[in-house]
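Listed here are the chains, written in short residue letters.
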Amino acid sequence: MNIHACAFDPRALLRGSAAAALLVLFTLCGLAADPMILTSASQQFTVRGKPQRSAFATSAKDDQIYINPAVLVVACERIKEAVAKELGWIDPWRGGIFVNVHPLRFDNERPELSAFRTTTGWRYRLEVPDQISRARLIESIVEALLLEFADRAAAQHSVELPPWLAEGLAAHLMAGPLAGLPLQPNATNVRHNPRNDPVAPLRAKLHESVALSVDQLNWPEFDWDDRRAAEAYHHSAHLFVRELLKLAGGPDLISATLAFLPEHLNWQSAFLRGFGAHFPRLLDVEKWWALQLAQLKTHDTKYVWSGPEAQQRLEEILYTPMEVRLDANELPHVTPVALQTVIHDWDFQQQVPLLRNKLVQLSLLRLRLPGELGAISESYRAVLEKYLQGRSKAWFGLTARGALQEAIAQFNALDAQRAKLTAKSVTSAPPSGPDEPGAVVPLTLR
């Protein structure tokens, strides 16, 4: 039998014992520490929780973070500022939000948000486990902010939010201004680069999982512990909210929907009221959503047309080639006709198929247009859609004429905006003749 000699170093044992003792002492001190109660800069948030109780609290596993109340109270203000800026909120807050950080009770524990009415208004309590995923923490704070905004006109009962709104908006902000939000002590604040395309990773993720339908977004029926199903809902909600924000007046319409919630028994009615200019029925939402998914899967948003090419493509849709005779004895020649002329001179039944085709073309065009031109294109589409809806529902000539006059005035204003944008990018182009695109004189009804 071979016997190996082992050297014994009492100093190493002491060093190891001291390190273990310090670790135990640090942990016990953390457990025994009194909870911290901190108030945010705007005083809307009050955060209660114990300091970090784990020596490994600064390390993250996957997307998990350990909540430090001192860091969280600052993060709440950052999230609030991002939501307010995105949705255009300027009114001061009315309902305070109390965030209680408690020890994790079980795996995958979700935050719990509750609302209660007091003599001075609504108050909110958010119960958050001290170990949680980054995304879930931000979603819970965004949800509390949205609920507080919607409840400002609620009298007896707190409102019900659309289930996709908080999750989708939080994901949208996490891909933008909240991309580098520090939620751990000593974390580096990574600034968001606006040139990065947030759609590219979203497209890849939606290719991996099946994008959900509007019904599946409205009524989520899956086990939240099913990671694959939860991710599919998360990515679909992200895209859904992102595309709603891109509609003409999107941020204002989301805020309007929230404000209308106390007046309706269900959030669907408030949503259709807020987005009535775009979606008269839920069926229209489904058609629009199907189009967005088709665009996401078949178009690469990294490729954007140059300014001159984008203007030309947009004009090809806005102007309709028609044969015109200036004199009865002359041969007809083709000239582009503006939308104002079409809706003013054509019979409405003749307009409908042409204008509906232009709606589809404008929707498909939007992903290729840069900056302001994309916003103007979307405005043309929104005005055209509203005009078709108004004329279709008009019972009397006076109502139809009102829809016609409004559309022509809006088209004239958009033409003026587009002309200014063209003047900025093209400074040496020769003047257009009367028969060339862009030279159409605004039409005014008298």
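From a predicted model like this one, the values you see are computed outputs, not experimental measurements.

About the cut-offs
Per chain, residue numbering runs from 1 following the sequence as it is written. It should be noted that, the model being predicted, local features are given only for residues of pLDDT at least 70 and side-chain atom pairs only at 80 or more, the latter also being counted only at that level, while totals for whole chains, interfaces and linings use all residues. In computing side-chain values, all of the structure's heavy atoms are included and hydrogens and water are not. In this description a helix means any DSSP run of H or I spanning at least four residues, a strand means any run of E spanning at least two, and both kinds are numbered starting from the N terminus. In this scheme, a helix's expected span is set at 1.5 Å multiplied by one less than its residue total. The rule is simple: take the accessible area with a 1.4 Å probe, protein chains only, and divide by the maximum for that residue type; under 20% is buried, over 50% is exposed, in between is partly exposed. Polar contacts, as counted here, are pairs of nitrogen or oxygen atoms within 3.5 Å of one another; within protein the pair requires one atom able to donate a hydrogen and one able to accept it, and residues that are adjacent in sequence qualify only if both atoms are side-chain atoms. Simply put, an axis is a line fit to the C-alpha atoms, just over the touching stretch for a helix, and the angle between two N-to-C directions goes from 0 to 180 degrees. Any angle that is under 35 degrees is reported as roughly parallel, and any over 145 degrees as roughly antiparallel; angles of 65 to 115 degrees are reported as roughly perpendicular and all others as oblique. Two residues form a contact once any of their heavy atoms are found within 4.5 Å. Residue polarity follows a fixed list, in which Ala, Val, Leu, Ile, Met, Phe, Trp, Tyr, Cys and Pro are nonpolar, Asp, Glu, Lys and Arg are charged, and the others, Gly among them, are polar. Think of it this way: DSSP has to see at least two bridges between two strands before they count as a pair. Here, nonpolar core refers to any group of buried Ala, Val, Leu, Ile, Met, Phe, Trp, Tyr and Cys residues whose side-chain atoms link them within 4.5 Å. Think of it this way: a Phe, Tyr or Trp ring, Trp meaning its six-membered ring, pairs with another when their centres are within 6.5 Å, and the plane angle makes it stacked under 30 degrees, edge-to-face over 60, tilted otherwise. Cation placement over rings: the criterion is NZ of Lys or CZ of Arg within 6 Å of the ring centroid and within 35° of the ring normal. For this analysis, a salt bridge means a side-chain nitrogen from Lys or Arg found within 4 Å of a carboxyl oxygen belonging to Asp or Glu. Put simply, a crossing is left-handed when the front helix is turned counterclockwise from the back one by less than a right angle, and right-handed when it is turned clockwise. Confidence of the predictor at the level of single residues is captured by pLDDT, which takes values from 0 to 100.

1. Considerations on helix α13 (residues 348-365)
For step 1, the next point in the chain: The terminal C-alpha atoms of α13 lie 25 Å apart, and with 18 residues this matches the ideal 26 Å at 1.5 Å per residue to within 8%.
For step 2, the next point in the chain: Within the sequence span of α13, burial applies to F348, Q351, V352, L354, L355, K358, L359, L362, S363 and L365.
For step 3, the next point in the chain: In this structure D347 caps α13, since a side-chain oxygen of it lies 3.1 Å from the backbone nitrogen of Q349.

2. Notes on the packing of helix α4 (residues 165-174) against helix α7 (residues 227-246)
For step 1, the next point in the chain: One way to put it is that α4 packs onto α7 with a least axis distance of 7 Å and a crossing angle of 75 degrees. As summarised for this structure, α4 and α7 are arranged roughly perpendicular, according to the angle between their axes. Counted together, L165, E167, G168, L169, A171 and H172 of α4 and A230, Y233, H234, A237, H238, V241, R242 and L245 of α7 form the full contact between these two elements.
For step 2, the next point in the chain: Per-class residue counts for the contact of α4 with α7 are eight nonpolar, four polar and two charged.

3. Some points on the sheet that holds strand β1 (residues 36-39)
For step 1, the next point in the chain: In spatial order, the strands read β1-β2-β4-β6-β5; together these five strands make up an open sheet with mixed pairing. The sheet terminates laterally at β1 and β5 (112-118), the two strands that pair on one side only. When strand polarity is set aside, the average angle formed by the axes of neighbouring strands in this sheet is 15 degrees.
For step 2, the next point in the chain: As paired elements, β1 and strand β2 (residues 45-49) share four bridges and run antiparallel to each other. Looking across to β2, one finds that M36 is bridged to G49.
For step 3, the next point in the chain: Sitting on the sheet, helix α2 (residues 69-87) touches β1, β2 and β4 (97-102), and the angle it makes with β2 is about 155 degrees.

4. Concerning the nonpolar core
For step 1, the next point in the chain: One finds L146 and W164 to be the most contacted residues of the largest nonpolar core, which totals 71 residues.
For step 2, the next point in the chain: With residues near it in sequence (within four places) discarded, W164 still touches L217, N218, Y233, A237, F240, V241, L244, W267 and F271.
For step 3, the next point in the chain: Formed by 32 residues, the second largest nonpolar core is a distinct cluster that contains Y319, A338, V352 and Y387.

5. Side note on the packing of aromatic side chains
Each aromatic ring pair is characterised by the separation of its centres together with the angle its planes make.
For step 1, the next point in the chain: In this structure the tally under the stated criterion is 13 aromatic pairs.
For step 2, the next point in the chain: Seen in terms of ring centroids, W89 and F149 are 4.2 Å apart; in terms of plane orientation they differ by 0 degrees. Their pairing is stacked. Separated by 60 residues along the polypeptide, W89 in the loop between α2 and β4 and F149 in helix α3 (residues 134-150) bring together distant segments of the chain. The residues W89 and F149 share a single accessibility class, namely buried.
For step 3, the next point in the chain: Put simply, the rings of W164, F240, W267, F271, F275, F279, W288 and W289 pair up and form one aromatic cluster.
For step 4, the next point in the chain: The ring of F260 has R273 sitting right over it, with the charged end atom 3.8 Å from the ring centre.

6. Some points on the pattern of salt bridges
Should their charged atoms come close, side chains of opposite charge can pair.
For step 1, the next point in the chain: Under the criterion given, the structure shown has 14 salt bridges.
For step 2, the next point in the chain: Its salt-bridge partner being E109, residue R105 comes within 2.6 Å of it at the nearest N-O pair.
For step 3, the next point in the chain: Under the relative-accessibility criterion, E109 is labelled buried at 3%.
For step 4, the next point in the chain: With a closest N to O distance of 3.1 Å, R381 and E385 form a salt bridge. Taken together, the residues R381 and E385, both in helix α14 (residues 371-393) and four residues apart, mark about one turn of the helix.
For step 5, the next point in the chain: Accessibility expressed as a relative area gives 7% for R381, which makes it buried.
For step 6, the next point in the chain: Here E385 falls in the buried class, since its relative accessible area comes to 16%.
For step 7, the next point in the chain: Salt bridges linked by common partners bring R242, E243 and K246 together as one network.

7. Thoughts on the packing of helix α11 (residues 307-318) against α13
For step 1, the next point in the chain: Direction vectors running N to C along α11 and α13 enclose 165 degrees, while the axes themselves pass 10 Å from each other. If you check the angle between α11 and α13, you find them roughly antiparallel. As α11 packs across α13, the resulting crossing turns out to be left-handed. Residues R313, L314 and I317 of α11 pack against K358, Q361, L362 and L365 of α13.

8. Describing the confidence of the model for the protein
Atomic detail in the predicted coordinates should be set aside for any region of low pLDDT.
For step 1, the next point in the chain: Here the protein averages 80 in pLDDT, and 76% of its residues register 70 or above.
For step 2, the next point in the chain: In the predicted structure, residues 427-446 sits below a pLDDT of 50 and forms 29 contacts with residues beyond four places in sequence or in another chain.

9. Structural notes on the side chain of T320
For step 1, the next point in the chain: Relative to the helices and strands, T320 is located in strand β8 (residues 320-324).
For step 2, the next point in the chain: With relative accessibility at 9%, the residue T320 sits in the buried group.
For step 3, the next point in the chain: Engagement of the side chain of T320 in a polar contact is seen with the side chain of K358, the distance being 3.2 Å.
For step 4, the next point in the chain: When near neighbours in sequence (up to four residues on either side) are disregarded, T320 contacts T335, P336, V337, V342, L354 and K358.

10. What about unusual backbone geometry?
For step 1, the next point in the chain: If you check the backbone angles, Q43 has positive phi at about 70 degrees while not being a glycine.
For step 2, the next point in the chain: In this structure, Q43 sits in the loop between β1 and β2.
For step 3, the next point in the chain: A positive phi angle, close to 60 degrees, is found at N108, a residue other than glycine.
For step 4, the next point in the chain: Among the structural elements, N108 can be located in the loop between β4 and β5.
For step 5, the next point in the chain: Classification of N108 by relative accessible area gives partly exposed; the value is 38%.

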